[in-house]
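Here are the chains, one letter per residue:
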Amino acid sequence: MRVVFCGVGEAFDENLTNTCILVQENNDGSGRSILLDCGFTAAPSFWRAAREPLELDAVWISHLHGDHFLGLPQLFIRYSEHGRTRPLNIYGGPGTAEAISSSVELAYPGKWSKLGFRIEFVEVESGDGFELTWLRGLAAPVDHPVSSRGVKLEAESGSLFYSGDGRVEPDIKNFLEGCDLGIFEAFCLEKEVYGHSNAAQVGEISLLAGIRRVALVHMHREERQKNGEKAVSLLRKQGIDAILPAPGDSLIV
Ligand SMILES: [Zn+2]
């Protein structure tokens, strides 16, 4: 599968799109796909990065902060304009359906019932799995000020974990084991910020779970400028193949 970093920024970065990751079935970008988070600045970046944006099958919403889901009204209305008829699956935690339908109605009154395609919500608790035709998803808890989940995606070619926002605790080590790629929030280099992870913790949990390839995302705007390269070096010194992806970067899993 191919992973495209449509956005890698935090909520309020003036230069970087909100973290938003497209996972495509085939290495050339064709076939089925799932989008991981879609915050208020993300939809245009997804549209630019996707080879076949109209073919998107599913969206995973890690939690209900605006920089992770408030790009959906824009995405839905654009699909509507393109005459989309095929359903779109949305996976997220409890309350996802209500929050998303309300956000569409707030952004574009009267549109929710006239999109022209079905949105099929599947709300999952941590520990729940879900199946798409080409991959299996599994939700895991992360520690964030609001209810938030990471997700493990397993396809035939490999597996990845996306943390969304939040600190990943060592007690989900078994869950993470065997992932070919970890995409982790690293809000800071080493500083402790409540409900967030930092690069040092990401290194620890990656080593513990045997994840040898890591992408650091959602770094605080000032930290990324000041300490982004240091964060990568910190993990590389521990034998982890770490990157700080730029918008539009992609890799194969
Ligand atoms: Zn958040």
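In case you missed it, the structure is sitting above this.
Presented here is a report on the structure given in the accompanying data block. (Residues numbered from 1 in each chain as written. Predicted model: local features only at pLDDT ≥ 70, side-chain atom pairs only at ≥ 80, totals over all residues. Heavy atoms only, no water.)

Before going further, it helps to spend a moment on the coordination of the zinc ion. Looking at the metal site, the zinc ion is ligated by His63 (NE2), His65 (ND1), His144 (NE2) and Asp165 (OD), spaced 2.2 to 2.3 Å from it. Bound by four donor atoms, the zinc ion shows angles of 92 to 166° at the metal and therefore irregular coordination geometry. Counting residues between consecutive donors of the zinc ion along the chain gives the motif H-x1-H-x78-H-x20-D. Of this pair, histidine 144 sits in the loop between strand S8 (135-141) and strand S9 (149-155) while aspartate 165 sits in the loop between strand S10 (159-162) and helix H5 (173-176), and the two are 21 residues apart along the sequence. Each of the two residues, histidine 144 as well as aspartate 165, counts as buried. (Donors = N, O, S within 2.8 Å, 3.2 Å for Na, K, Ca; no water. Tetrahedral: all angles 85-135°; square planar, octahedral: opposite > 155°, others 65-115°. Helix = DSSP H or I, 4+ residues; strand = E, 2+ residues; numbered from the N terminus. Buried < 20%, exposed > 50% of the residue type's maximum accessible area, 1.4 Å probe, protein only.)

The sheet built from seven strands is open, its strands ordered S6-S5-S4-S3-S2-S1-S14 with mixed pairing. Unpaired on one side and paired on the other, strand S6 (119-123) and strand S14 (250-252) mark the two borders of the sheet. Between one strand and the next, the sheet's axes are offset by a mean angle of 20°, whatever the strand orientation. Lying on the sheet, helix H3 (residues 72-81) is in contact with strand S4 (58-61), strand S5 (88-92) and S6; it crosses S5 at an angle near 170°. (Pairing = 2+ DSSP bridges. Axes fitted to C-alpha atoms, helices over the stretch in contact; angles between N-to-C directions. Contact = heavy atoms within 4.5 Å.)

In regular strands, side chains alternate between the two faces of the sheet. Counting buried positions along strand S11 (residues 181-185) gives five out of five residues, so the element sits mostly inside the fold. Covered by surrounding structure in S11 are Leu181, Ile183 and Glu185 together with Gly182 and Phe184, the residues of both alternating faces. Where S10 and S11 come together, three bridges link them in parallel fashion. Of the residues in S11, the one forming a bridge with leucine 160 is leucine 181.

Applying the stated criterion across every chain yields a total of 12 salt bridges. The salt bridge partner of aspartate 28 is arginine 51, with a shortest N-O separation of 3.6 Å. Taken as a pair, aspartate 28 in the loop between strand S2 (20-24) and strand S3 (33-36) and arginine 51 in the loop between helix H1 (43-49) and S4 lie far apart in primary sequence, 23 residues in all. Relative accessible area serves as the criterion here: at 46%, aspartate 28 is assigned to the partly exposed category. On the basis of relative accessibility, which here comes to 48%, the residue arginine 51 falls in the partly exposed class. A salt bridge links arginine 167 to glutamate 169; the shortest N-O distance between them is 3.6 Å. With relative accessibility at 24%, the residue arginine 167 sits in the partly exposed group. (Salt bridge = Lys/Arg side-chain N within 4 Å of Asp/Glu carboxyl O.)

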